Amino acid sequence: MVRIGYIVGSLSSRSINRVVAHAITRLAPPGVEFVELEYSQLPVYTPDADSDYPAVARQWKADLASVDGVIIVTAEYLRSIPGALKNALDWSSRPWGTNSFDGKPVAIAGVSPGSIGTAAAQQHLRAILGHMNAPTLGQPEVFLRFNATDFGPDGRVANPATEKLLSRFAEAAVAHVRLHTPVTVDA
Ligand SMILES: Cc1cc2nc3c(=O)[nH]c(=O)nc-3n(C[C@H](O)[C@H](O)[C@H](O)COP(=O)(O)O)c2cc1C
């Protein structure tokens, strides 16, 4: 059993990225426990907090430590990632020497109504995660242009091409996490 946390890069209560994140978890192969990694209550990061991290930030880092890998499904704001997601990544990188993403396998996807389907945001996110030493999945890329009719009212994917892409992504993301998960050997 592998444990994967998913992060929705949007604080919207009607987030289309959460719809896609749930579809990915539903389409994933068996043997995976998914948990949503929640960061909406984090205050704006300041280095002043490094000497005494608030409880909510300690919980955020504990939640990250509890998973073998992460799937980030992000919105695009102004051709980058939303500020709330960047803030959560800032918290996870500190206090210095305790970077929560160091070596943590990550797979990235995103959806927007726009024509490039979060491609610009995802490139920024890759750069950030590269600096944090998180190995990121290269393919398949998921730059989805949101179409409400692609997703049924029951949350299932109604468009076969979208379902195929998200299935391939889920399979590759799980394999990527397994590849980077240390094996515990009995002494
Ligand atoms: C501040 C702001 C900036 C945005 N910038 C972009 C953008 O650069 N590219 C894009 O495709 N959509 C942009 N959008 C539209 C979002 O893609 C759209 O709101 C989408 O529903 C966000 O995903 P969510 O529903 O998961 O929150 C922007 C929306 C907001 C509120």
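Refer to the preceding data block for the structure.
Given the structure is predicted, the values throughout are model-derived calculations rather than measurements.

Asks: With reference to specific residues and values, describe the overall build of the protein.
Replies: A tally of helices and strands in the protein yields 5 helices and 5 strands. Scanning the protein from its N terminus toward the C terminus, one meets helices and strands in the order β-α-β-α-β-α-β-α-β-α. Compactness check: the protein gives a C-alpha radius of gyration of 16 Å against a globular reference of 16 Å for 187 residues, within 12% of the reference. The principal-axis extents of the C-alpha atoms in the protein amount to approximately 50 × 45 × 25 Å. Here the protein holds 187 residues, and 45% of them are scored as buried. Counted over contacts in the protein with a minimum sequence separation of 6, partners at least 24 positions apart contribute 78%. Summed over all atoms, the accessible surface of the protein reaches about 9,500 Å², with 54% contributed by carbon and sulfur. Each charge class in the protein can be summarised by its mean position, and for the 16 positive and 17 negative side chains these summaries are 5 Å apart.

Asks: Lay out the pairing of strand E2 (residues 32-36) with the relevant residues and their values.
Replies: For strand E1 (residues 2-9) and E2, the ladder comprises 5 bridges, and the chain directions are parallel. The partner of Ile4 across the bridge, within E2, is Phe34. Following the backbone out of E1, through helix H1 (residues 16-27) and into the adjacent parallel E2, one traces a crossover that is right-handed.

Asks: I'd like a rundown of the pairing of strand E4 (residues 106-112), residues and numbers included.
Replies: Burial of E4 is extensive: 7 of the 7 residues sit out of reach of the surface. Where burial is concerned, the two faces of E4 agree: the one with Val106, Ile108, Gly110 and Ser112 and the one with Ala107, Ala109 and Val111 are both buried. The pairing of strand E3 (residues 69-74) with E4 spans 5 bridges and is classified as parallel. Within E4, the residue paired with Val70 across the bridge is Val106. As judged from the 3 bridges shared by E4 and strand E5 (residues 143-145), these two strands associate in the parallel manner. Note that in E5 the partner of Ser112 across the bridge is Arg145.

Asks: Please give an account of the site of the ligand that cites residues and values.
Replies: Residues in contact with the ligand amount to 13 residues; listed here are only the nearest, Ser10, Ser15, Glu76, Arg79 and Ser112. One nitrogen or oxygen atom from the side chain of Glu76 is found 2.8 Å from a nitrogen atom belonging to the ligand. Against a free-state accessible area of 620 Å², the protein chains account for coverage of 68% of the ligand. Looking at the shell around the ligand residue by residue, the class counts come to 5 nonpolar, 6 polar and 2 charged.

Asks: Describe the sheet that holds E4, and please don't skip the residues or the numbers.
Replies: Spatially, the 5 strands line up as an open sheet ordered E2-E1-E3-E4-E5, and their pairing is parallel. At either end of the open sheet lies a strand with only one pairing partner, and these are E2 and E5. Here the strands of the sheet are splayed against their neighbours by 20° on average, with no regard to which way each runs.

Asks: Describe the layout of surface pockets, listing the residues and the values that go with them.
Replies: Here the largest pocket is characterised by a volume of approximately 230 Å³. Lining the largest pocket, in full, are Lys86, Leu89, Asp90, Ser93, Arg94, Trp96, Gly97, Asn99, Ile128, His131 and Met132. At the level of elements, helix H3 (83-93) and helix H4 (119-131) are the ones that each hand at least two residues to the lining of the largest pocket. Sort the elements by how many residues they give to the lining of the largest pocket and H3 lands first, with 4 residues. Of the residues assigned to the lining of the largest pocket, the class counts are 4 nonpolar, 4 polar and 3 charged.

Asks: So what's going on with H3? Residues and values would help.
Replies: Every buried residue of H3 is listed here: Leu85, Asn87, Ala88, Leu89, Trp91 and Ser92. Against E1, helix H2 (55-65), E3 and H4 lie the buried residues of H3.

Calculation notes
- Residues numbered from 1 in each chain as written.
- Predicted model: local features only at pLDDT ≥ 70, side-chain atom pairs only at ≥ 80, totals over all residues.
- Heavy atoms only, no water.
- Helix = DSSP H or I, 4+ residues; strand = E, 2+ residues; numbered from the N terminus.
- Rg over C-alpha atoms; globule rule 2.2 N^0.38 Å.
- Buried < 20%, exposed > 50% of the residue type's maximum accessible area, 1.4 Å probe, protein only.
- Contact = heavy atoms within 4.5 Å.
- Areas by Shrake-Rupley, 256 points an atom, 1.4 Å probe, with all protein chains shown as cover.
- Lys, Arg positive; Asp, Glu negative; His and termini not counted.
- Charge placed at Lys NZ, Arg CZ, Asp CG, Glu CD.
- Pairing = 2+ DSSP bridges.
- Right-handed = clockwise from strand over helix to strand, strands pointing away.
- Near = heavy atom within 4 Å.
- Polar contact = N/O pair within 3.5 Å; in protein donor to acceptor, adjacent residues only side chain to side chain.
- Nonpolar A, V, L, I, M, F, W, Y, C, P; charged D, E, K, R; others polar.
- Axes fitted to C-alpha atoms, helices over the stretch in contact; angles between N-to-C directions.
- 1 Å grid on protein atoms, 1.4 Å probe; cavity = no way out; pocket = protein on both sides within 12 Å on 5 of 7 lines; lining within 4 Å.
- Points joined across faces, edges and corners; volume = space filled by probe spheres on them.

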